[in-house]
Structures are given as C-alpha cells and as structure tokens.
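Spelled out from the first residue to the last, the chains are:
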Amino acid sequence: EEPQSFYDAVGGEETFRRLVHRFYQGVAADPILLPLYPEDDLEGAEERLRLFLIQYWGGPNTYSTQRGHPRLRMRHNPFVIRSAERDAWLQRMHEAVISLELPDDLEKRLWDYLVYAAHSMVNAPDA
Ligand code: HEM
C-alpha cells in the first residue's frame, strides 16, 4: 500500500489553496514584495505557486502539465532577490503557514522546506 503523501496528510488541495491565498494577501500588503509581482496578474501568480506546491508535495502534476519543468531558480532570474526580499517572502509565508493550524510535525516539515527553498532562491548580493 502506498504511504499517504504529505499532500494528503495536510488536507489536500484545500489546504494549499488556503496557504497560497493567505500568502498573496500578504504580498498585496507588502511594500518590498508587491513591486516584484505582476500587478495585473496576482491571481495568476497565486495559481502558479499553488500548483507548484501541490505537485512538490505529492498531489496532481498539473503544474508541470501547464508550465513544464519547474526550474525555479531560472524562473526567478528576472527578479532581484536579496536577503531583504527573501526575508519579506518568508515573513509573509510564515503568517500563511501558521494560519493553517497544522499538527506540529507537519507544520515543521512544510516550514523547513520553505525556509530552505527561499534561501536557495537568493540571486543577488546585499548592497
Ligand atoms: C514566481 C518572487 C521564493 C515558487 C515568482 C514571481 C515572483 C517571485 C516575483 C513571479 C510571479 C508570477 O508571475 O508567477 C519570489 C521571491 C522569493 C521567492 C521574492 C523570495 C525568496 C520562492 C520559493 C518558491 C517559489 C521559495 C518555492 C517554494 C515560485 C513559483 C513561481 C514563482 C512556482 C511561478 C513560476 C512559473 O511557473 O512561472 N516568485 N519568489 N518562489 N515563485 Fe517565487
């Protein structure tokens, strides 16, 4: 029998929908992050991040069907990401993760991944 995926363990699509929606509410209120995002397509950006995370954690592969290989570092090249942008992203994401009220072990696994991934996305030195 297949072990249950992390995606299923945290509640499936609904949980990722809540997570990413809450995150983008934070982005919309964040003076460091908001200028980086496409102002006419925050909803599209929300969908792309949601589908990526769903796929990463063992849910449907819709992200790659629509977007191809994630290549996340390459896709972030157009944006200057220094420690300030990384930390703003993580602050908004932390608010969103906490809002899910997951069991501690699942919350920690999700958060540890996001911290690692955000650090790996930095592509410019601090001035
Ligand atoms: C796209 C910023 C970290 C996953 C984007 C976009 C921006 C951005 C401005 C373009 C929005 C769009 O049109 O889709 C940042 C900043 C980060 C960060 C400032 C700070 C470290 C991350 C991390 C992940 C991630 C850690 C994954 C865990 C994605 C995905 C897309 C995206 C999946 C859409 C890629 C595509 O299919 O085009 N990000 N990001 N980002 N980001 Fe990030």
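Residues numbered from 1 in each chain as written. Predicted model: local features only at pLDDT ≥ 70, side-chain atom pairs only at ≥ 80, totals over all residues. Heavy atoms only, no water.

A.B. asks: I'd like to hear about helix 6 (residues 83–99), residue by residue, with values.
C.D. replies: For helix 6, built from 17 residues, the straight-helix expectation of 24 Å at 1.5 Å per residue is met to within 8% by its first-to-last C-alpha distance of 24 Å. Of the residues making up helix 6, those classed as buried are E85, R86, A88, W89, L90, R92, M93, A96 and V97. In this fold, the buried residues of helix 6 make contact with helix 2 (13–28), helix 3 (42–56) and helix 7 (104–120). E101 occupies a position one or two residues after helix 6 and carries a positive phi of about 55°. (Helix = DSSP H or I, 4+ residues; strand = E, 2+ residues; numbered from the N terminus. Expected span 1.5 Å × (residues − 1). Buried < 20%, exposed > 50% of the residue type's maximum accessible area, 1.4 Å probe, protein only. Contact = heavy atoms within 4.5 Å.)

A.B. asks: Before we move on, can you summarise the nonpolar core with the specific residues and values?
C.D. replies: If you look at the biggest cluster of nonpolar residues, it comprises 33 residues, and the most contacted ones within it are L19, F23, L53, W89, M93 and L110. Elements that contribute at least two residues to this core include exactly helix 1 (6–9), helix 2, helix 3, helix 6 and helix 7. If we skip the residues at most four places from it in the chain, W89 touches F23, L33, Y37, L114 and A118. (Core = buried A, V, L, I, M, F, W, Y, C linked by side-chain atoms within 4.5 Å.)

A.B. asks: Please give an account of the packing of helix 2 against helix 3 that cites residues and values.
C.D. replies: Helix-helix packing: each pair is described by the crossing angle between the helix axes and the interaxial distance. Following both chains from N to C, one finds helix 2 and helix 3 inclined at 140°, their axes separated by 9 Å at the closest point. One element, helix 2, and the other, helix 3, form an angle in the oblique class. Both helix 2 and helix 3 take part in a crossing whose hand is right-handed. Residues E13, F16, R17, L19, V20, H21, F23, Y24, V27 and A28 of helix 2 form the contact with helix 3, whose own contacting residues are L42, A45, E46, L49, R50, L53 and I54. For the contact of helix 2 with helix 3, the class distribution of residues is 12 nonpolar, one polar and four charged. (Axes fitted to C-alpha atoms, helices over the stretch in contact; angles between N-to-C directions. Parallel < 35°, antiparallel > 145°, perpendicular 65-115°, else oblique. Left-handed = near helix turned anticlockwise from the far one by under 90°. Nonpolar A, V, L, I, M, F, W, Y, C, P; charged D, E, K, R; others polar.)

A.B. asks: Can you explain the coordination of the iron atom of the ligand? Please cite residues and give values.
C.D. replies: Protein coordination of the iron atom of the ligand rests on one atom only, H76 (NE2), at 2.0 Å. Counting through the fold element by element, H76 comes out in the loop between helix 5 (72–75) and helix 6. (Donors = N, O, S within 2.8 Å, 3.2 Å for Na, K, Ca; no water.)

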